[in-house]
Amino acid sequence: MKFVAVSSCPTGIAHTYMAAEALEQAAKAAGHECTVETQGAAGSTPLDPAVIAAADGVIYAADLEVQGKDRFAGKPSVDVGVKAAVHDPAKVIAQAVSAVEAKGSGASKVAAAAAPVATRHVGVGTRIRKYLMTGVSYMIPFVAGGGILIALGFLLGTAGWGKDGAIVVTKIIGGTADNPSVAAYAAAHGIDLSNGASIALTTFAQHFGWFSAQSWAVALFYVGGAAFGFLVPALSGYIAFAIADRPGIVPGFVGGTIAAAVGAGFLGGIVTGFLAGFLALWIVRWKVPKGVRGVMPVVVIPLLATLITGVLAVIVIGPPMKAVNDGMKAWLTGMSGTSAVLLGIIVGLMMCFDLGGPLNKVAYTFATAGLANAVLSTDRPAVIMGAVMAAGMVPPLAAALATVVRPKLFSESERESGKSAWLLGLSFISEGAIPFAAGDPIRMIPSFMVGGAVTGGLAMAFNTGVLAPHGGFWVTPLVNQPFLFLLAIAAGMVVSGALVIVAKSIRRNPDEEEVEGIESLSALTGSR
Amino acid sequence: MAEPLITPELVALDLVAADRDAATRALIDLMVAAGRVTDADGFHADVRAREAQMATGMPGGIGLPHARSEHVTVPSLAVGRVPGGVDFGAPDGPATLVFLIAAPAGGDADHLKILAALARRLVHESFRSSILQAPGAGEVADIVNREVVPQ
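Please read all numbers here as calculations on a predicted model, not as lab measurements. (Residues numbered from 1 in each chain as written. Chains lettered and ligands numbered in written order. Predicted model: local features only at pLDDT ≥ 70, side-chain atom pairs only at ≥ 80, totals over all residues.)

Q: Quick question: what am I supposed to make of the overall build of chain B here?
A: A tally of regular secondary structure across chain B gives 5 helices and 5 strands. Secondary structure of chain B in N-to-C order comes out as β-α-α-β-β-β-β-α-α-α. Within chain B, the fraction of its 151 residues that count as buried is 48%. Contacts spanning at least 24 positions in sequence make up 69% of the contacts within chain B whose residues lie at least 6 apart. (Helix = DSSP H or I, 4+ residues; strand = E, 2+ residues; numbered from the N terminus. Buried ≥ 20, exposed ≤ 12 C-beta atoms within 10 Å, placed from the backbone. Contact = placed C-beta atoms within 7 Å.)

Right, dumping it as C-alpha cells:
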C-alpha cells in the first residue's frame, strides 16, 4: 500500500523528522511505501499532489494542527500523534493498513481518487479559492452552532408566545415596556420595567425562568447570536490564517470584527481577511536584526499588522464595502417573483454541476456567508441558504431513487452506493452522488442539474428559509416552512431521478463509458 | 556551514548523572565551554520547558533533550554516553545515550535542515549503536558529521 503522512511536533526540530524517518523505514520494512511531509521548523515542502492522489491512506503523526488537511479529505486516515510514530512506527503502519482495509468502499474511494486533481495546477485563482475555502470551512462551525441555536430559539419562542414568537424572542433582551410583549414577559418573570428601564442581560439572567419556554427561547437565541457574531471575524481571521499561518489570525480577526461593526458584512470580512493575511505574510518575511527576531511574532507582527488592517478597515475598506453589502442586501431583499426564482435556479444548477467542486462551493459560500445578513429564517439570505441546501440534497437522493425504481440500469456497486446515497442526500452531502456521476457524467450530471434547478427555483418561490448552514433533512424543523421545503426537494428528486432513468435507458452499458467528466469533478472533497 | 554540528569537545564518553536534569546540564556546560551557548541557565530553562511538554525519552535507551533558544549561537549536538543510565521518561527504561540538540531561535532554513537530517539519522539503530561503540570522542564526532548530511 501507499501512504502519505504528516509529522509535526512542538519544537519542530527533532520528533517531526524522527517520526518521518521512522515511518518511512517501517513502511518499507512492511512492504509498503510512505511519503512524509515534515511540518517542522525548517519549513515544509508540500507533498506532490500526484503522491497524495496515489496514496491509499493518510497517517497523521502530528502534535500540531495539520496544515492543509483538506488535501487528504476522503482518504482513510489514522491520527496517532508524533510520539507513537517515533516509538512504534511498525504498529502505526499496521493501524494505517487496517484503516485502509476497513474503509475501502463506495463514495470515499471515488472522491479520494479524484480529489487531488484540483490542486495539481496551483494558479493564483486556485490559491485564492483555497484561502477563501479555508476561511469558510473554519467559519461554518460558528454558523452551524449559532444558526441552529437561533433557530431552536425561534422554535421554542413559537411554543412560548405563539405565532409571533420568532419576532418577540429577539426583542426581550434590551427591550422596554414600550413593547407589549416585553412588558408581558417582564411582568410574568418579576422584572421591574418602570421608568423606561430596559431588560439588561444581567437582569434577564437574575429572573431566568427555569421552567419558562420563553426564558429558554431568549437564552438560546442570545447564545446563538453570540456564536453568529463570530461569523465575519472568523471568516476574516481564518482567511488570513490560511495565507500567513498563525501571524494572520490576530489582524484577521480584528479586521473582520471591524468589518462587521461598520456594516461591511461578509464581503468586507473577506477583504479584511486577505488584507490581514498578506500584510502579516509580508511582515513575517522582513529581514530584521537578530535581537528583534524574538519579539517579532509576539509583539511586532500582531501590533503592525493589526494596526494597519484595523485602520484601513475602519477608514478605507469599511465605507465602500458597506455600500456594496447594503446594495447586495437591498438587491436580494427587493428581488421578488421571477428574479428570485431565477436566482434559485442558478444556485440549484451550480450546486448540482460539480457536486462539491468549485462551482458548488461558490454557491454554498454565497449562501452561508450571506447568513451574516440574516436575522430571521424568513429573511432573504436565509431563503437562499434554504434553496442551496435543498438543491444540494437532490443529486444523491435522485440517484438513490433511480437505483430503487430501475435497479437493472445500475451495476452492483452502484446499487450499493444507492443505499448510502439516501442517507448522504438527506444529510445534504451532495458528494453522495459522485459514485454515479464519476462513472457516467454525461448522463448523470445534466439530470442532477435539472433536478437541482427545479428544487432551487421552487424553494425560492416558496420562500423556505433556514438559518442553519448544513444538516439537510435533519434541520427541517428549523425551516420556516418545512413542508414546502420538503416538497421542493421531493419535486427535484423525482424530476432528476426520472431523467436519470431515461438517460440511462438510452444506452444501458455503463461499463464502456469513458470517465472524461472526471476533470470537471475536481475537488470533490467535502470540506464544508 | 562553517561550524560542524559537533566537535570532540561536545562528547562526554562516561557521563554520570543522577537524573535527566543533571545529564542535560552536563551537556549544556560542554556547549557553553565551546562557545555555542551564551547562557547556560537560560538555555537549560528552554530545554526543561520542552521536556515538560512531552518527555523526550525513546525506546532503545535514548534521551533526546532539545530546544530552540535565543541563547544558542550555532546549531549544535552534544552526545553523552551514560553507562549507568539516566531516566528520560521512555517506556522501556533509562537512557544510556543522551543527545542534546541546540537550535538557534531565529535559525534559518540551512541551520534547521541539518538538525532535521540529524533527527532522521537518530531513528536508525545502526547510527546509535555506532556511536555507543565508537572508541573515542573524536570518532563520535566524525560519525555524526559524516552521517548527518542535509537532504
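Q: Which parts of the structure should I look at to understand the overall build of chain A?
A: If you tally the helices and strands in chain A, you get 22 helices and 4 strands. Within chain A, buried positions represent 55% of all 528 residues. For chain A, the proportion of contacts with a sequence separation of at least 24, taken over those separated by at least 6, is 73%.

Q: Help me understand the packing of helix H1 (residues 15-29) of chain A against helix H4 (residues 89-102) of chain A in this model?
A: Each pair of packed helices can be described by the angle between their axes along with the distance between the axes. Residues and elements named next belong to chain A. In the contact formed by H1 and H4, the axes pass within 8 Å of each other and the chain directions differ by 65 degrees. Accordingly, the angle class assigned to the pair H1 and H4 is roughly perpendicular. Between H1 and H4 the crossing geometry is right-handed. Along the contact surface, H1 presents Ala22, Leu23, Gln25, Ala26 and Ala27, while H4 presents Pro89, Ala90, Val92 and Ile93. (Axes fitted to C-alpha atoms, helices over the stretch in contact; angles between N-to-C directions. Parallel < 35°, antiparallel > 145°, perpendicular 65-115°, else oblique. Left-handed = near helix turned anticlockwise from the far one by under 90°.)

Q: Just checking my understanding: could you explain the interface of chain B and chain A for this structure?
A: By a widely used convention, the size of an interface equals the accessible area lost when the partners come together. Facing 23 residues of chain B, the contacting portion of chain A comprises 21 residues. Listed by contribution, the elements that provide at least two residues to the side of chain B that touches chain A are helix H2 (40-53), strand S3 (66-69), strand S5 (95-104) and helix H3 (109-122) of chain B. Ranked by the residues each element gives to the side of chain B that touches chain A, the list is headed by H3(B), at 8 residues. A class-by-class count of the residues in the side of chain B that touches chain A yields 15 nonpolar, 3 polar and 5 charged. (Nonpolar A, V, L, I, M, F, W, Y, C, P; charged D, E, K, R; others polar.)

Q: Just to check I follow, could you spell out the pairing of strand S4 (residues 76-86) of chain B for this structure?
A: Looking along a regular strand, one sees the side chains alternate between the two faces of the sheet. Residue and element names in this part refer to chain B. For strand S1 (residues 11-12) and S4, the ladder comprises 2 bridges, and the chain directions are parallel. Residue Ala12 lies in a different strand from S4, and its bridge partner there is Gly80. Sheet analysis places S4 next to S5, joined by 7 bridges and oriented antiparallel. Pairing of Val79 across the sheet is with Phe99, part of S5. (Pairing = 2+ DSSP bridges.)

Q: For this particular structure, what's the right way to read the sheet that holds strand S3 (residues 57-62) of chain A?
A: Two strands in a sheet stick together by hydrogen bonds in their backbones, pointing the same way (parallel) or opposite ways (antiparallel). Residues and elements named next belong to chain A. With respect to topology, 4 strands assemble into an open sheet ordered S2-S1-S3-S4, the strand pairing being parallel. For this open sheet the edge positions go to strand S2 (33-38) and strand S4 (77-79), each flanked by a neighbour on one side alone. Across the sheet, the mean angle from the axis of one strand to that of its neighbour is 20 degrees, orientation sign disregarded.

Q: Please explain the confidence of the model for chain A as it appears in this structure.
A: The predicted coordinates of low-pLDDT regions are not to be read in fine detail. Residue-level pLDDT values for chain A average 80, and 88% of them are 70 or greater. Note that residues 510-528 of chain A has pLDDT below 50 and, in this model, 57 contacts with residues that lie over four places away or in other chains. (pLDDT = per-residue confidence, 0-100.)

Q: I'm lost on the nonpolar core in this one. Help?
A: One recurring pattern in soluble globular proteins is that nonpolar side chains are buried together. If you look at the biggest cluster of nonpolar residues, it comprises 132 residues, and the most contacted ones within it are Leu231(A), Leu235(A), Ile239(A) and Val388(A). Ranked by residues supplied to this core, first place goes to helix H18 (residues 380-405) of chain A with 17 residues. Among the domains, domain 2 (231-333) and domain 3 (334-521) of chain A are the pair contributing at least three residues each to this core. Beyond its immediate chain neighbours, meaning those up to four positions away, Ile239(A) contacts Tyr131(A), Leu132(A), Thr134(A), Gly135(A), Gly252(A), Ile270(A), Gly273(A), Phe274(A) and Gly277(A). Listed in part, the 86 residues of the second largest apolar core include Ile62(B), Ile101(B), Leu112(B) and Leu118(B). (Core = buried A, V, L, I, M, F, W, Y, C linked by C-beta atoms within 7 Å. Domains from an automatic or database assignment.)

Q: Any chance you could explain helix H11 (residues 231-244) of chain A here in plain terms?
A: Each α-helix turn comprises 3.6 residues. Residues three or four places apart therefore point the same way. A rise of 1.5 Å per residue sets the reference length of H11(A), with its 14 residues, at 20 Å; its end C-alpha atoms lie 20 Å apart and thus fit the reference within 8%. The buried fraction of H11(A) is high, at 14 of 14 residues. (Expected span 1.5 Å × (residues − 1).)

Q: Looking at this structure, how should I read the packing of H18(A) against helix H19 (residues 412-426) of chain A?
A: Residues and elements named next belong to chain A. Where H18 contacts H19, the two axes come as close as 8 Å, and the packing angle between them is 140 degrees. Taken together, the axis directions place H18 and H19 in an arrangement best described as oblique. The element H18 and its partner H19 pack so that their crossing is left-handed. Side by side, H18 and H19 meet where Met393, Pro396, Leu397, Ala399, Ala400, Thr403 and Val404 of the first sit next to Glu414, Arg415, Gly418, Ala421, Trp422, Leu424, Gly425 and Leu426 of the second. Taken together, the residues of the contact of H18 with H19 break down into 10 nonpolar, 3 polar and 2 charged.

Q: When you look at the pairing of S3(B) in this model, what are you seeing that I'm missing?
A: Residues and elements named next belong to chain B. Side chains His66 and Arg68 of S3 all project onto a buried face; the interleaved residues Ala67 and Ser69 project onto the opposite face, where all are buried too. Pairing analysis gives 4 bridges linking S3 to S5, with the strands arranged parallel. Bridge pairing links Arg68 to Ala103 in S5.

Q: Can you help me understand the environment of Ile301(A) in this one?
A: All names here are of chain A. When you line up the elements, Ile301 lands in helix H15 (residues 296-334). Since 24 C-beta atoms lie within 10 Å of it, Ile301 is described here as buried. Once the C-alpha coordinates of Ile301 and Val250 are considered, the two residues, 51 residues apart in sequence, prove to be 9.3 Å apart.

Q: Looking at this model, I keep getting lost on the environment of Asn373(A). Mind explaining?
A: Residues and elements named next belong to chain A. By the element assignment, Asn373 lies in the loop between helix H17 (358-370) and H18. A count of 21 C-beta atoms within 10 Å places Asn373 in the buried class. Considering only alpha carbons, one finds Asn373 and Gly265, 108 residues apart in sequence, at a separation of 7.0 Å.

Q: It is not clear to me how the environment of Lys419(A) should be interpreted in this structure. Could you clarify?
A: Residue and element names in this part refer to chain A. Of note, Lys419 is situated in helix H19. The class for Lys419 is exposed, based on 12 C-beta atoms found within 10 Å. For the pair Lys419 and Val404, spaced 15 residues apart in the sequence, the C-alpha separation amounts to 8.8 Å.

Q: Could you clarify how one ought to interpret unusual backbone geometry in this entry?
A: Residues and elements named next belong to chain A. Backbone geometry places Asp245, a non-glycine residue, at a positive phi of 65 degrees. When you line up the elements, Asp245 lands in the loop between H11 and helix H12 (249-261). Residue Asn463 is not a glycine yet carries a positive backbone phi of 60 degrees. Of note, Asn463 is situated in the loop between helix H21 (441-462) and helix H22 (482-506). Asn463 sits in the partly exposed class, given 19 other C-beta atoms within 10 Å.

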